[in-house]
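Below, each chain spelled out in residue letters.
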Amino acid sequence: MEFSTGKTDGIIVLKLGGAVRAGDNDALQDALGSDDIRKSKAVIIDLSDLEYLNSRAIGTLMSLWKETTSSGRKIHIVNPKPLVERLLKAVGMYTLVPVSRSVEDAAAALSKGE
Amino acid sequence: MPKKTRTKGKKPPGMLEEARKALTRHVKVHPGRMLIKTLPGGKARARELKAAAAAAGWEEGGETRNHLAVIVGKGVKAEQAAAAAGGTDAYGTVVWGSAEDETGLCHVRLKQTHPLDTVLRAMEAVKCEAGLVQSLAEEKERTREALKHLEHLLATRDEFFSIATHDLRSPLTTMKLSLAMIRVDDAVENREILDIMRRNVARMEALVNDMLEVFRLYRGTFALNIAPTLVNQIVEDNVVSLFPNAIEKDITMDFLLDEEVLPINADPFRINQVVSNIVTNALKYTPKGGLVNVQTAWRGDGVLLTVADTGPGIVPDEQEKIFESFGKGSAETTGGEQSTGLGLYICRRIMEMHGGRIWVESKPGKGSTFHAFFPKDGKTSEGNG
């Protein structure tokens, strides 16, 4: 698993790459629980380089979505690959979280309050 | 120490008891009425045999046209008796025979039936003073009766399965549809009861479907429709559909599919049944916080599916039993899921019909790993009982 964070227009961008397997789950959970992410007004999760994530990783993303939206903040997903898209659809995340084609599109949507 | 002597004509100690045991063993395998025939000078031997036979529960019966010779007597040699009964090749006509055993008796069973006088001639030829002759006609009749009874039992079983599967499906479907039509808003107070009903209808439906499959296996109507089959796609479909259940149970579900896996010739519907069963079982028995890992690997002559879990494991005694019909193991599911005890039996039959294999490796407390090998060229055999 590859993991990095950045900022665009004051919004945290979380980029995941590679594959999230059983051995990566704790690291992902720790990363998503960082202060930067918890305090950001919005979070963009860039999945364009992510090949695969297991059920626990999806559960972690769902927890992040719940926590973010329950505090009135926003979250966007960016450009998932077909398998990742399929997995997110299977658990119903696609109907809950807005999906953008690029980080720029997501940032623009968030700045409009979408 | 004084030397032991044996008076001529007296039986050795315990002989009657030993003879009784030998005859009891025999009558279990070959039940039937016995004639006790005595040759001149063999009255004492006949009395011994009669007492032994009576103690073994044999009944005396009347003469019939043909007899299967069971000659039990001192000094009888299998080959001699067979030859005397008309066989040119002694061993070719003897089903079994023994040399003198510890009781001093020999047991000879002829392969073919013979008129009684032939049997008596055989006894005479081998100097058997007395012998037991079994009526084959009666044994055949008993076998016929047993077969008739068995056929009746099979017909009853088939009828039961037919009722339990086809006739139960219709009311079940109606119940399921009716439950689906009840709007949640209409029944907020009864939601819990409705959920119980839905779960139980689903359970009954699963049981009836499994029984129907077993019925098809018994009847030989469980046919395969062989077609090019993408095992990886089937595995992915199953695992993806179970991700919500894994998240709900807080189980890590991982899968890794070998990109080298080629399409195989198999029945895709049945392969899906096997994959679904194994993966669903792993989720059923894995506790919260556990791991289910699903992998495929191309082996050159087929695909190996491996499903490993961190469930309670299976005790050695149950590792074969779980593949038998209604052979549920002792482990409990972790989320209240139901098990009919037929799923893995059906899986094994499907795998056998494909010329494949399914097996489990497990250590109690250390989880289980199920393997299923799908050969690249599945057979087209039909199922039968």
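Small disclaimer: the values here were computed from a predicted structure and weren't measured.

Visitor: Which residues make up the nonpolar core, and what values do they have?
Guide: Ile44, Ile45 and Ile58 of chain A together with Val235, Ile278 and Val279 of chain B are the most contacted members of the largest nonpolar core, which totals 79 residues. Counting the residues that make up this core, at least three belong to each of domain 2 (142-219) and domain 3 (227-375) of chain B. The contacts of valine 279 of chain B, once residues within four sequence positions are left out, are Asn238, Val239, Leu242, Val294 and Val307 of chain B.

Visitor: Got a sec to walk through the pairing of strand β9 (residues 291-298) of chain B? Specific residues and values, please.
Guide: Residue and element names in this part refer to chain B. Sheet analysis places strand β7 (residues 252-256) next to β9, joined by five bridges and oriented parallel. Paired with phenylalanine 255 across the bridge in β9 is valine 294. Of the pairings in the sheet, the one linking β9 to strand β10 (residues 302-309) comprises seven bridges and is antiparallel in character. The residue bridging valine 292 from the neighbouring strand is aspartate 309, located in β10. Between β9 and β10, which pair antiparallel in sequence order, lie three residues; one of them, glycine 300, sits at a positive phi of approximately 90°.

Visitor: Would you mind going over the interface of chain B and chain A in detail, with residue names and values included?
Guide: Taken residue by residue, the interface counts eleven residues in chain B and twelve residues in chain A. Of all elements in the fold, only α8 (231-248) and β7 of chain B reach the threshold of two or more residues within the side of chain B that touches chain A. Considering every element that reaches the side of chain B that touches chain A, the biggest residue donor is α8 of chain B, with six residues. Along the lines of polarity and charge, the residues of the side of chain B that touches chain A split into eight nonpolar, two polar and one charged.

Visitor: Now, about helix α6 (residues 103-111) of chain A: what can you tell me, with residues and values included?
Guide: Residue and element names in this part refer to chain A. Val103, Ala106, Ala107 and Leu110 are the residues of α6 that are buried. Around the axis of α6, the buried residues are gathered within 100° of arc, so they sit on the same side. Looking at the packing, one finds that the buried side of α6 touches β1 (2-8), β2 (11-20), β3 (42-53), β4 (74-78) and β5 (99-100). Within two residues after α6, glycine 113 carries a phi angle of roughly 85°, on the positive side.

Visitor: Let's hear about the packing of helix α1 (residues 25-32) of chain A against helix α3 (residues 55-70) of chain A: which residues, and what values?
Guide: Helix-helix packing: each pair is described by the crossing angle between the helix axes and the interaxial distance. Residue and element names in this part refer to chain A. Look at α1 against α3: their axes get within 10 Å of each other, and the N-to-C directions meet at 10°. As far as their axial angle goes, α3 and α1 are roughly parallel. Residues Asn25, Leu28, Gln29 and Leu32 of α1 form the contact with α3, whose participating residues are Arg56, Ala57, Thr60 and Leu64.

Thresholds applied
- Residues numbered from 1 in each chain as written.
- Chains lettered and ligands numbered in written order.
- Predicted model: local features only at pLDDT ≥ 70, side-chain atom pairs only at ≥ 80, totals over all residues.
- Core = buried A, V, L, I, M, F, W, Y, C linked by C-beta atoms within 7 Å.
- Buried ≥ 20, exposed ≤ 12 C-beta atoms within 10 Å, placed from the backbone.
- Domains from an automatic or database assignment.
- Contact = placed C-beta atoms within 7 Å.
- Pairing = 2+ DSSP bridges.
- Helix = DSSP H or I, 4+ residues; strand = E, 2+ residues; numbered from the N terminus.
- Nonpolar A, V, L, I, M, F, W, Y, C, P; charged D, E, K, R; others polar.
- Arc of directions from axis to C-beta.
- Axes fitted to C-alpha atoms, helices over the stretch in contact; angles between N-to-C directions.
- Parallel < 35°, antiparallel > 145°, perpendicular 65-115°, else oblique.

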